[in-house]
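# Analysis of the macromolecular model
Each chain is listed here by its residues.
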Amino acid sequence: MLCAVYKSRKKAETYLFVERREDFSRVPEVLMRTFGRPELVLMTKLDPARPLGIASTSRVMAALTSQGFYLQVPPPPENLLEQHKAQLKASR
């Protein structure tokens, strides 16, 4: 399955996968407003045998088939202070 990957200029580390280059017709307008003007990063062939960086290739392919897009957002930042507090509490 071929797809186009765009990055957001408004949201750091946020990527939008669509079925065809420059075809955002199945992406909700509210998402496009929040995402901002998309910047093409690459065209790629999705293959379940080839892993993607963060997302599951099969999950991306399923989303593209069912809804026409997949939005990849960065993982939440680690809260090192909370982790440290939890470790201190557990060691007591």
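Residues numbered from 1 in each chain as written. Predicted model: local features only at pLDDT ≥ 70, side-chain atom pairs only at ≥ 80, totals over all residues. Heavy atoms only, no water.

## Some words on the UniProt feature "domain: YcgL" (unreviewed entry) in the chain
Per the UniProt entry, the sites bearing "domain: YcgL" (unreviewed entry) are residues 1-85 in this numbering. Secondary structure content for residues 1-85 is 28% helix and 25% strand, and the end C-alpha separation is 46 Å. (UniProt positions renumbered as here; feature names shortened; annotations may be inferred. Helix = DSSP H or I, 4+ residues; strand = E, 2+ residues; numbered from the N terminus.)

## Description of the pattern of salt bridges
Under the criterion given, the structure shown has seven salt bridges. With its nearest N and O atoms 3.9 Å apart, the salt bridge here joins E39 to K7. On the criterion of sequence distance, the pair formed by E39 in strand 3 (residues 39-45) and K7 in strand 1 (residues 2-7) is long-range, its members being 32 residues apart. Judged by relative accessible area, which is 27%, E39 ranks as partly exposed. (Salt bridge = Lys/Arg side-chain N within 4 Å of Asp/Glu carboxyl O. Buried < 20%, exposed > 50% of the residue type's maximum accessible area, 1.4 Å probe, protein only.)

## Quick notes on the side chain of T44
Position of T44 relative to the elements: it lies in strand 3. In this structure T44 touches M1, L2, C3, V5 and R50, once residues within four positions along its chain are discounted. (Contact = heavy atoms within 4.5 Å.)

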